[in-house]
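Tertiary structure, described
Here is how the chains run, residue by residue.
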Amino acid sequence: MSQTLGKPSFSLFRGKETPVTGLDLNALIAAVDERVRSSQTERGRVMGTRAILVDALRREDFLLDCVECILVTMSRLLAGWANPPLHANLELDYAIRLLYWPPHYENNPHQHNSWTVTGVLHNQIRVTTYDLCPGASPVGLSVAKSFECAAGEVGSILSPCIHSVSNPTPSVSVTLHVFSGLAANSGVSEGDEESDPKRTVWYPSPLKGRFHRDVVPRALTANLAILSRITGRRSTALLEKVFDLGDTRIKLASVKALCGRDVASAACRLAQLSELCPEPDRSRLSDLSHKLASTVDGG
Ligand SMILES: [Fe+2]
C-alpha cells in the first residue's frame, strides 16, 4: 500500500478552549453526530469533537455512563467479552471506544489516515509522534516528540499522523477514543479494505496479544478505580455490579471499596465472597462479614 505522510499533527488540549455545556454519553454521541454531519473539513470535525469530549470528561455522570455501558456489555457476554465499541455509526463512519492500557504497555508506531480524538479517563498515557526517516532502524522512523497526557486531557489527530501510545505507569490506564475511518479499519468495508486510504498503517504490525489478554479483569480493575473516586448511590450500585462480574480478587477489591460507603452492602458481599473461597479463607471472610454486619446493627 502506498503511504502518504505529512508532519505529525497530534495536538493536546490543556484547557484553552471554550467548552460546550455538560454532556452524558448519549448527549455526547448526539453532539458528535451533529458535528461530523455539519463540518465540511476534517479540522472542523476534530476541533468540535475535541471540545465536546473535554467538557464530557469533566462530568462524573459521563464517567459513570461510560463505566455502566461497559458493564452492561460484560453482563451480556462475559466469557467472550472483547471490549466492543460504546457506539458505532457506519453512516458517519466513526466509533467510540474505551481502551484499557496494561501497565507499562506500548503499542507499535502506526499511521492514522483518518482523524481521531482521544481523551484520558483514568491514570495517564504517553504519546510519541514520529517522522518518516528512511534507513532509520528498525522501521524507518525517528521520534518527533513525546509527551504525557493525564486524566481529563484530550488530544486529537489530523491525518496523516504516525504515533505510538504507551502506559508508563504500573496501573491500568483508560482512554476514550472517537475514531473515524470505521469502515476502513473494522472489517465492515464493502470495498478493498487493504487499499482504503483511511486504513491505519502499522510499523511493523499491531501488537494485539497482550492488549487483548486478560482484558476482562483489567477493565474491571480500572472501572473499580474510576468508581472508587466518585461518591454517590449510582457509583455504589456500579461497584456492586463490578463485584458481580469479577473474579475473587476483583470481588475482594469491590468489598474494600464498598466498606467506605455502604458497610451493610460490604458485609453482604463479603459473605457471598466467603462462599466462593476454600478454607481457611472461607471462615476468615465469613467471620469478617459478621463483624462488619454487627457494626451496622450497632452491636
Ligand atoms: Fe493510534
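Residues numbered from 1 in each chain as written. Predicted model: local features only at pLDDT ≥ 70, side-chain atom pairs only at ≥ 80, totals over all residues. Heavy atoms only, no water.

Some details on the coordination of the iron ion
The iron ion binds to the protein through His110 (NE2), His112 (NE2) and His163 (NE2); the donor distances cover 2.0 to 2.1 Å. One chain supplies every donor for the iron ion, spaced along it as H-x1-H-x50-H. Here His110 is found in strand S4 (residues 110–112), whereas its partner His163 is found in strand S9 (residues 161–166), with 53 residues between them in sequence. (Donors = N, O, S within 2.8 Å, 3.2 Å for Na, K, Ca; no water. Helix = DSSP H or I, 4+ residues; strand = E, 2+ residues; numbered from the N terminus.)

Overview of the pattern of salt bridges
As a working rule, side chains carrying opposite charge can pair if their charged atoms are close by. By the definition in use, this model includes nine salt bridges. Across the salt bridge formed by Arg126 and Glu148, the nearest N and O atoms sit 2.6 Å from each other. Of this pair, Arg126 sits in strand S6 (residues 124–132) while Glu148 sits in strand S7 (residues 141–150), and the two are 22 residues apart along the sequence. The partly exposed category is assigned to Arg126, whose relative accessible area is 30%. Residue classification places Glu148 among the partly exposed residues on the basis of a relative accessible area of 30%. A single network of salt bridges, built from pairs that share partners, joins Asp61, Asp65, Glu68 and Arg234. (Salt bridge = Lys/Arg side-chain N within 4 Å of Asp/Glu carboxyl O. Buried < 20%, exposed > 50% of the residue type's maximum accessible area, 1.4 Å probe, protein only.)

Thoughts on the side chain of His110
Residue classification places His110 among the buried residues on the basis of a relative accessible area of 4%. Among the polar contacts made by the side chain of His110, one reaches the main-chain carbonyl oxygen of Asn108 at a distance of 2.9 Å. A polar contact is formed between the side chain of His110 and the side chain of His112, at a distance of 3.2 Å. (Polar contact = N/O pair within 3.5 Å; in protein donor to acceptor, adjacent residues only side chain to side chain.)

A word on the pairing of strand S5 (residues 116–122)
Counting buried positions over the seven residues of S5 gives seven, a clear majority of the element. As defined by bridge partners, S5 adjoins strand S8 (residues 154–157) across four bridges and the pair is classed as antiparallel. Bridge pairing links Thr116 to Ile157 in S8. Pairing analysis gives six bridges linking S5 to strand S10 (residues 173–180), with the strands arranged antiparallel. Bridged to Thr116 within S10 is Phe179. (Pairing = 2+ DSSP bridges.)

Considerations on the side chain of Ser289
Examined against the element boundaries, Ser289 turns out to sit in helix H10 (residues 281–297). Residue contacts for Ser289: discarding those within four places in its chain leaves Ala267, Leu270 and Ala271. (Contact = heavy atoms within 4.5 Å.)

Description of the packing of helix H7 (residues 233–245) against helix H9 (residues 263–276)
The geometry of H7 relative to H9 is characterised by a closest axis approach of 12 Å and an angle of 5° between their N-to-C directions. Relative to H9, H7 is oriented roughly parallel. Together, Glu240, Phe243 and Asp244 of H7 and Ser265, Arg269, Gln272 and Leu273 of H9 make up the contact between the two elements. Looking at side-chain class alone, the contact of H7 with H9 contains two nonpolar, two polar and three charged residues. (Axes fitted to C-alpha atoms, helices over the stretch in contact; angles between N-to-C directions. Parallel < 35°, antiparallel > 145°, perpendicular 65-115°, else oblique. Nonpolar A, V, L, I, M, F, W, Y, C, P; charged D, E, K, R; others polar.)

Comments concerning the packing of aromatic side chains
Taken as a whole and assessed by the stated rule, the structure comprises three aromatic pairs. Where Trp101 meets Tyr105, the ring centres are 6.1 Å apart and the plane angle is 45°; that geometry is what we call tilted. Assigned by exposure class, Trp101 and Tyr105 land together as buried. With a centroid separation of 5.0 Å and 75° between ring planes, the pair formed by Trp101 and Phe211 is classed as edge-to-face. Separated by 110 residues along the polypeptide, Trp101 in strand S3 (residues 94–101) and Phe211 in helix H5 (residues 209–212) bring together distant segments of the chain. Summarising the burial analysis for this pair, Trp101 and Phe211 share the class buried. Members of the aromatic cluster, each reached through a chain of ring pairs, are Trp101, Tyr105 and Phe211. (Phe/Tyr/Trp six-rings, centres within 6.5 Å; stacked < 30°, edge-to-face > 60°.)

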